[in-house]
Number of protein chains: 2
Amino acid sequence: MAKGKTARPVTRIQREKREQILEAALDVFSANGFRGATIDQIAEAAGMSKPNLLYYFGRKDDIHKALIGRLLDTWLDPLRAIDPNGDPLSEIRAYIRRKLEMARDYPRESRLFANEILQGAPRIMDLLEGELKDLVDEKSVILRRWMDQGRLARVDPRHLIFAIWATTQHYADFDVQVRAVLGPDFSGEGRFDDAARLLDQLFLTGLAPKNARHGELAK
Amino acid sequence: MAKGKTARPVTRIQREKREQILEAALDVFSANGFRGATIDQIAEAAGMSKPNLLYYFGRKDDIHKALIGRLLDTWLDPLRAIDPNGDPLSEIRAYIRRKLEMARDYPRESRLFANEILQGAPRIMDLLEGELKDLVDEKSVILRRWMDQGRLARVDPRHLIFAIWATTQHYADFDVQVRAVLGPDFSGEGRFDDAARLLDQLFLTGLAPKNARHGELAK
DNA sequence: CAGTTTTTTGACCAGTTGGAAAAATGTTAG
DNA sequence: CTAACATTTTTCCAACTGGTCAAAAAACTG
């Protein structure tokens, strides 16, 4: 009943063009923010005229919504993947790795998200307070259990998650600053390996339970 | 010779109004980014008409430049304050504290900066590659010396600095997300104390030199 | 191929935005 | 008080922006 009529059967062209548009829009939105991006820019990047683009997405907002919606799914996957039955430090290490890979492989998505949050998250506040909060709460319980079992240093689990988000996404969101500071010699992908080493040291040593530092592991 | 004529003696009104404008502009720019902010918005926030505002700052760009310039000075102060003669872990701890305080007390400045970097730092690239890089390089030498002396775990000093920037500024730049995840109970300032505790644990334990973990301290 | 539907285009519009000009009003030093 | 200068307001404009609409062009269907 959603479409009113007998839902048109989405043509091949529709699928392709919509994909083109989203791809172009990701470029433009992530680089300029919502207000900074113009439909003309997106249309040009997608290789079509503005009215033509508007034939596929009725308004600017729709494109942005489609992007954000699509993003959030994959964005939270690494956190979802934390296994309550795994080894605490290994799980955290794996989580950091995955987040770092995402910053490396999907920097535009990260910046799109950062732009949105920076400007007060007007379009996704409900998601933050709902889905995201729930997921973090759920994983916090797991982390806290590990701490209770003495398998992880006792810290605030939610702030721990923030710290992981911050340090990993930094390499996508603040990329230009990172590059500028490291200098042109480091413009390769090596910085991600260096970052991984630092973060391992920081989080794995920093979070190792006290008794484990002498080799003993609590039940 | 900069002013052409015998440099006008900057009246009291000029000083006050410029201050008003910058204060208002910080609000508007930090919340909306450069392109997202309009002169009208800033003018209204500053309690004056648009043409009146333009009497003090000839163009939008000038306001933004003035803000950024002013910001960067204070922004880097905490890093400058790292004392080569201090105790490594204490210096790092103090640095984290200061950065966290800045995130708490000057979130708008942090977001202004974040907005600029996110969008490719078009206006301050030279500063990043110059002043900022130089300062980071200088402090990296100090950090590396501490590591050589066995007073600090061996990590990449520049990525260590990134990690401190990321984790502290996160509380300003991603404030809405942090609040959303923590929920309304934590809307007070307590989150900064919790963050400080986590970061202490993470950085101080994570960076303690190996031999120090058994109580011994290298010269 | 003729008819139908989908896609693309070109012209257009109303609202917003950055900014200019000039006239009007305030302020202040002499 | 008044001339000189500083400040403010009013009016205006050209460029840009999101979005509409009808007609033209393709694409598909039987």
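As the structure is a computational prediction, the values presented were derived from the model and not from experiment. (Residues numbered from 1 in each chain as written. Chains lettered and ligands numbered in written order. Predicted model: local features only at pLDDT ≥ 70, side-chain atom pairs only at ≥ 80, totals over all residues. Heavy atoms only, no water.)

### A few points about the packing of aromatic side chains
Counting across every chain of the model gives ten aromatic pairs over all chains. On the basis of an interplanar angle of 50° and a centroid distance of 5.8 Å, the ring pair of phenylalanine 162 of chain B and tryptophan 165 of chain B is categorised as tilted. Remark: tryptophan 165 of chain B and phenylalanine 162 of chain B occur in helix α8 (residues 157–173); sequence separation between them is three residues, near one turn of the helix. Residue classification places phenylalanine 162 of chain B among the buried positions, given a relative accessible area of 1%. Three or more aromatic residues link up through ring pairs in this structure, and these residues are Phe162 and Trp165 of chain A together with Tyr171 and Phe192 of chain B. (Phe/Tyr/Trp six-rings, centres within 6.5 Å; stacked < 30°, edge-to-face > 60°. Helix = DSSP H or I, 4+ residues; strand = E, 2+ residues; numbered from the N terminus. Buried < 20%, exposed > 50% of the residue type's maximum accessible area, 1.4 Å probe, protein only.)

### Some thoughts on the protein's contact with DNA strand C
Close to DNA strand C lie 20 residues; Thr11, Gln14, Lys17 and Tyr56 of chain A together with Lys50 of chain B are nearest. Considering DNA strand C, the proportion of its atoms within 4 Å of the protein that are sugar or phosphate atoms stands at 65%. The side chain of asparagine 52 of chain A places a nitrogen or oxygen atom 3.0 Å from a phosphate oxygen of DNA strand C. Between DNA strand C and tyrosine 56 of chain A there is a distance of 2.5 Å, counted from a phosphate oxygen to a side-chain nitrogen or oxygen. Elements supplying a minimum of two residues to the surface near DNA strand C: α1 (12–36) and α3 (50–56) of chain A together with α3 (50–56) of chain B. When grouped by side-chain class, the residues that make up the surface near DNA strand C number eight nonpolar, five polar and seven charged. (Near = heavy atom within 4 Å. Polar contact = N/O pair within 3.5 Å; in protein donor to acceptor, adjacent residues only side chain to side chain. Nonpolar A, V, L, I, M, F, W, Y, C, P; charged D, E, K, R; others polar.)

### Observations concerning the pattern of salt bridges
Going through the model one piece at a time under the given rule, you end up with 38 salt bridges over all chains. Across the pair aspartate 61 of chain B and arginine 123 of chain B runs a salt bridge, and its minimum N-O distance is 3.4 Å. Taken together, the positions of aspartate 61 of chain B in helix α4 (residues 60–80) and arginine 123 of chain B in the loop between α6 (107–118) and α7 (125–148) put the pair 62 residues apart, joining distant regions of the chain. By relative accessible area, which is 24% here, aspartate 61 of chain B ends up partly exposed. For glutamate 131 of chain B, the salt bridge identified is with arginine 80 of chain B, shortest N-O distance 3.4 Å. Here glutamate 131 of chain B, found in helix α7, pairs with arginine 80 of chain B, found in helix α4; they are 51 residues apart in sequence, far enough to count as distant. Residue class for glutamate 131 of chain B comes out partly exposed when judged on its relative accessible area of 37%. Several salt bridges share partner residues, and in doing so they unite Asp61, Lys65, Glu116 and Arg123 of chain A into one network. (Salt bridge = Lys/Arg side-chain N within 4 Å of Asp/Glu carboxyl O.)

### Quick look at the domain arrangement of chain A
Residues and elements named next belong to chain A. If you check the domain split of chain A, you get domain 1 (10–58) and domain 2 (68–214). Its C-alpha centre places domain 1 at a distance of 30 Å from the equivalent point of domain 2. Contact with domain 1, which involves nine residues of that partner, is made by seven residues of domain 2. A combined buried area of about 780 Å² lies between domain 1 and domain 2, and 51% of that area is made up of carbon and sulfur atoms. On the domain 1 side of the contact with domain 2, Leu26, Ser30 and Phe34 bury the most area, a combined 59% of that side's loss. Between domain 1 and domain 2 we count three salt bridges in total. Note that arginine 108 and glutamate 23 form a salt bridge whose closest N and O atoms lie 2.9 Å from each other. Here domain 1 and domain 2 share four residue pairs in polar contact (both at pLDDT 80 or more) between them. Split into classes, the residues belonging to the side of domain 1 that touches domain 2 amount to four nonpolar, two polar and three charged. (Domains from an automatic or database assignment. Contact = heavy atoms within 4.5 Å. Buried area = accessible area lost by both parts, 1.4 Å probe.)

### Remarks on the interface of chain A and chain B
Contact with chain A, which involves 59 residues of that partner, is made by 59 residues of chain B. Both sides of the chain A and chain B interface together cover about 5000 Å² of buried area, and 69% of this is carbon and sulfur. Considering only the surface of chain A that becomes buried against chain B, Leu118, His159 and Val181 of chain A emerge as the three largest contributors, covering 14% of it. The interface formed by chain A and chain B includes zero salt bridges.

### Considering the relation of the copies chain A and chain B
Overlaying chain A with chain B gives an RMSD of 0.1 Å, the required rotation being 180° about an axis along which the chain moves by 0.0 Å. Such a combination of turn and shift is consistent with a two-fold rotation axis. Across chain A, the smallest distance between a C-alpha and the rotation axis is recorded for glycine 206 of chain A, namely 1.9 Å. A shared binding surface is used by both copies, with 100% of the interface residues of chain A retained as interface residues in chain B. (Least-squares fit on C-alpha atoms with pLDDT ≥ 70 in both.)

### Some details on helix α6 (residues 107–118) of chain A
Residue and element names in this part refer to chain A. Over its twelve residues, α6 extends 16 Å from the first C-alpha to the last, a length consistent with the 16 Å expected when each residue adds 1.5 Å. Of all the positions in α6, only Glu109, Ser110, Arg111, Leu112, Phe113, Ala114, Asn115, Glu116, Ile117 and Leu118 are classed as buried. Looking one or two residues beyond α6, the residue adopting positive phi is glycine 120, at roughly 90°. (Expected span 1.5 Å × (residues − 1).)

### Some points on the nonpolar core
Formed by 140 residues in total, the largest nonpolar core has its most connected members in Phe203 of chain A together with Phe203 of chain B. Excluding its chain neighbours within four sequence positions, the residues that come into contact with phenylalanine 203 of chain A are Ile96, Leu160, Ala163, Ile164 and Thr167 of chain A together with Leu202 of chain B. (Core = buried A, V, L, I, M, F, W, Y, C linked by side-chain atoms within 4.5 Å.)

### With respect to the packing of α1 of chain A against helix α4 (residues 60–80) of chain A
When two helices pack together, their arrangement is captured by the angle between the axes and the distance separating the axes. All names here are of chain A. Look at α1 against α4: their axes get within 10 Å of each other, and the N-to-C directions meet at 95°. In terms of their interaxial angle, α1 and α4 are classed as roughly perpendicular. Of the residues in α4, those in contact with Glu19, Ile21, Leu22, Ala25, Leu26, Phe29, Phe34 and Arg35 of α1 are Lys60, Asp61, Ile63, His64, Ala66, Leu67 and Arg70. (Axes fitted to C-alpha atoms, helices over the stretch in contact; angles between N-to-C directions. Parallel < 35°, antiparallel > 145°, perpendicular 65-115°, else oblique.)

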